[in-house]
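What follows is the residue order along each chain.
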Amino acid sequence: MPAHSAHEIAADVAAGRTSAIETAKAALARIEAAKALNAVVTIDPARTLADAAAVDDRLRAGEAMPLAGVPVIVKDNIWVGGWRVTQGSRLFCDFIVPHDAIAIERLRRAGAVVVGIGATSEFACKGVTTSPLYGPTRHPLDPALTPGGSSGGPAAAVAAGLVPLAIGTDAGGSSRRPPAHVGVAGFKPSYGAIPYGPGFAEPFFGLSVIAPIAADAADIALAFEAMVGADPRDPDSSVVALQAEDIGGRRIAFSPRLGLDVAIDDVVANGLASAIDRLSAAGLCITQRDPVWPAGATEDAIMPLQHAGLAALYGDSFRKDPTIFDPDIARQIERGLSWSGAEVAGALLASAAIANAFAAFFTEVDLLLTPTVPCVAWPLTQLGPDMIGGKAASPRAHAVFTPFVNHAHLPAISIPCGTDRCGLPFGLQVISARGQDRSLLRAAQEIEAILRV
């Protein structure tokens, strides 16, 4: 982990104990020393140091900034003005961003300094982090393993101590599963809580969110407060509840498999059960209860939306030359070109049914605790582990516990929960009703404090 948290860095820079320039130089040195990790794919030291100098000037002028001098990695699919941002794709290999996304604009206003661009899979559409432009990102604890995806670069950068804060995206778990695999925290806000864009066209049909990643929920909450709030430039942006409720007295459910017929490794299942026992012993009232899903609610039922979205955006380029794409993304585009309108509409109906089921569940429950992932990290060269829970696993079997949250537009956070015998981490996912982001983040901090004891 970094020597300092985002809170500590901001306090030190604001108090003059260090400077934004010194902090940025130290982050750039750590990034340079960790090149083999391939978590950070683009740096621009001159631009970073100029931005850091501007923060120092603002501080001398008396400006207060909650993220003063905090170094940040931003995922390679979010617009950062003046930087090369590519989505990991040869189609955008020379793209220089014209201006900041709203979230990045707000982070910079709060004093954060972008020190690099974090690796993603091509178009953020793959559960491991590798791309045609940059190759694979490696797990900080074992370079033979993947951190997962698609926000593997940002998550690995935080876990390796390169920066205290990173910004990813999450359309199906991309900023919850990689943090779970590397032992940090990742937060998917309510859809619209943080304005999305301006930026690249999204293949996800109203699912993707800007997602902060940090060592713990306290730093995530700090970043969230800098980015949250409606903006007229994003018609989907919305207001979240201002008040944050304490966890005491809240109705908490634990669902060991999210009500799904899916496999989970014993080490993860047992680790989650042990965490629930510790939370209960600390005084939390937790009941075991599963959401009730509509018939046919599976990830397969909703995946046509991603495939069709990719086909709509990149089908023409695929027809001209399919070899320019990651082969796994090319297969998704090809599949998307084959879906009928009725099949895509069926996926939209399945998405809506999942959202309705979750909405009904949260009329009777305040917080839901589930696994984030059913397994620990797997070999770098594979889309997923060969086996989960003693059964042969499909390439997406590692992703089963996160996508439904996106389709319901709910906030969810993954926090570290345990490790296997080799020290490989897994996470506890905490989910709440839409708009209850602040209460969820407060609950996550209280849960973290209990689990650390």
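Whatever comes next refers back to the structure up there.
On a predicted model such as this, the values are computed, not experimentally measured, just so you know.

Undergrad: Explain the overall build of the chain residue by residue, including any values.
TA: Each helix and strand in the chain was counted, giving 13 helices and 15 strands. Computed over the C-alpha atoms, the radius of gyration of the chain is 20 Å, within 12% of the 22 Å expected from 2.2 N^0.38 for a compact globule of 453 residues. The principal-axis extent of the C-alpha atoms belonging to the chain is close to 60 × 60 × 45 Å. Taking all 453 residues of the chain together, 60% fall into the buried category. Taking contacts inside the chain between residues at least 6 apart in sequence as the whole, the part at least 24 apart equals 77%. The distance from the centre of the 35 positive side-chain charges to the centre of the 45 negative ones in the chain is 1 Å.

Undergrad: Go over the pattern of salt bridges with me, naming the residues and quoting the values.
TA: Summed over all chains, the structure comprises 24 salt bridges. For Arg 233, the salt bridge goes to Asp 231, with nearest N and O atoms at 2.9 Å. Through salt bridges with shared partners, a single network forms among Glu 105, Arg 106, Arg 109, Asp 231 and Arg 233.

Undergrad: Can you lay out the sheet that holds strand 2 (residues 71–75) for me, pointing to particular residues and giving the numbers?
TA: Reading across from one edge, 1-3-2-6-8-7-14-15-11-9-10 is the order of the 11 strands in this open sheet, with mixed pairing throughout. Where the open sheet ends on each side, the last strands, each with one partner, are strand 1 (40–42) and strand 10 (286–288). Mean inter-strand twist for the sheet, computed between neighbouring axes without regard to direction, equals 30 degrees. Across three bridges, strand 2 lies against strand 6 (residues 165–170) in parallel orientation. Considered in strand 6, the bridge of Val 74 is made with Ile 167.

Undergrad: Give me the lowdown on the pairing of strand 14 (residues 412–419), citing residues and values where you can.
TA: Pairing of strand 7 (residues 185–188) with strand 14 involves three bridges; the strand directions are antiparallel. For Lys 188, the partnering residue across the bridge sits in strand 14 and is Ala 412. As paired strands, strand 14 and strand 15 (residues 425–432) are joined by seven bridges and run antiparallel to one another. What sits directly across from Thr 419, in strand 15, is Pro 425. The loop that links strand 14 with its antiparallel partner strand 15 comprises five residues; one of these, Gly 423, has a positive phi angle of about 85 degrees.

Undergrad: Describe the layout of surface pockets, listing the residues and the values that go with them.
TA: Its boundaries defined by the atoms lining it, the largest pocket holds a volume of some 990 Å³. Contributing to the lining of the largest pocket are 43 residues, with Glu 299, Asp 300, Met 303, His 307 and Arg 396 lying nearest its centre. Elements represented by at least two residues in the lining of the largest pocket include exactly helix 9 (299–320), helix 10 (327–338) and helix 12 (403–407).

Undergrad: So, helix 7 (residues 217–227): which residues are in play, and what are the values?
TA: For helix 7, the buried fraction is high: nine of the 11 residues fall into the buried class. When helix 7 is considered as a whole, its buried residues turn out to be Ala 217, Asp 219, Ile 220, Ala 221, Leu 222, Ala 223, Phe 224, Ala 226 and Met 227. Once helix 7 finishes, Gly 229 follows within two positions and takes phi at roughly 125 degrees, a positive value.

Undergrad: An account of empty space enclosed by the protein is needed here, citing residue identities and associated values.
TA: Enumeration according to the criterion identifies one cavity of 30 Å³ or more in this entry. In this structure, the largest cavity encloses a volume near 60 Å³. For the largest cavity, the full set of lining residues is Asn 77, Ile 78, Trp 79, Ala 101, Tyr 196, Gly 197, Pro 198, Gly 199, Phe 200, Glu 202 and Ile 210. Residue composition of the lining of the largest cavity, grouped by class: seven nonpolar, three polar and one charged.

Undergrad: Account for helix 4 (residues 102–109), naming residues and giving values.
TA: Summarising burial for helix 4: six of the eight residues are buried, a large majority. Every buried residue of helix 4 is accounted for by Ile 102, Ala 103, Ile 104, Arg 106, Leu 107 and Arg 108. In this structure, the buried side of helix 4 is in contact with helix 3 (45–60), strand 2, strand 3 (113–118), strand 6, strand 8 (209–214) and helix 7.

About the cut-offs
Along each chain, numbering runs from 1 in the same order as the chain's sequence is written. With pLDDT at 70 or above as the cut-off, local features in this predicted model cover only qualifying residues; side-chain atom pairs require 80 or more to be listed or tallied, and sums for whole chains, interfaces and linings still use all residues. Note that water and hydrogens are dropped before the side-chain values are worked out from all heavy atoms of the structure. The way it works is that DSSP assigns letters per residue, a run of H or I at least four long becomes a helix, a run of E at least two long becomes a strand, and they are numbered from the N terminus. Atoms counted for the radius of gyration: C-alpha only. Globule rule: 2.2 Å times the number of residues to the power 0.38. For each residue, the accessible area found with a 1.4 Å probe, counting protein chains only, is set against the maximum for its type, and the residue is called buried under 20%, exposed over 50%, and partly exposed in between. Whether two residues are in contact is decided by their heavy atoms, any of which lying within 4.5 Å being enough. Under the counting rule used here, the positive set is Lys and Arg, the negative set is Asp and Glu, and His together with the chain ends is not counted. The atoms used to mark charge sites are NZ of Lys, CZ of Arg, CG of Asp and CD of Glu. A carboxyl oxygen of Asp or Glu within 4 Å of a side-chain nitrogen of Lys or Arg is what we treat as a salt bridge. When DSSP finds at least two bridges between two strands, those strands are taken to pair. Every axis corresponds to a line fitted to the C-alpha atoms, with the helix fit spanning only the stretch in contact, and the corresponding angles, defined between N-to-C directions, vary from 0 to 180 degrees. Grid points spaced at 1 Å and placed over the protein atoms alone form the basis of the search, with a cavity being a set where a 1.4 Å probe fits but cannot get out and a pocket an open set showing protein on both sides within 12 Å along at least five of seven lines. Lining residues have an atom within 4 Å of a point. Grid points are joined across faces, edges and corners, and a volume is the space filled by probe spheres set on the points. In this count, Pro and Cys sit with the nonpolar residues alongside Ala, Val, Leu, Ile, Met, Phe, Trp and Tyr, while Asp, Glu, Lys and Arg are called charged and the others, Gly among them, polar.

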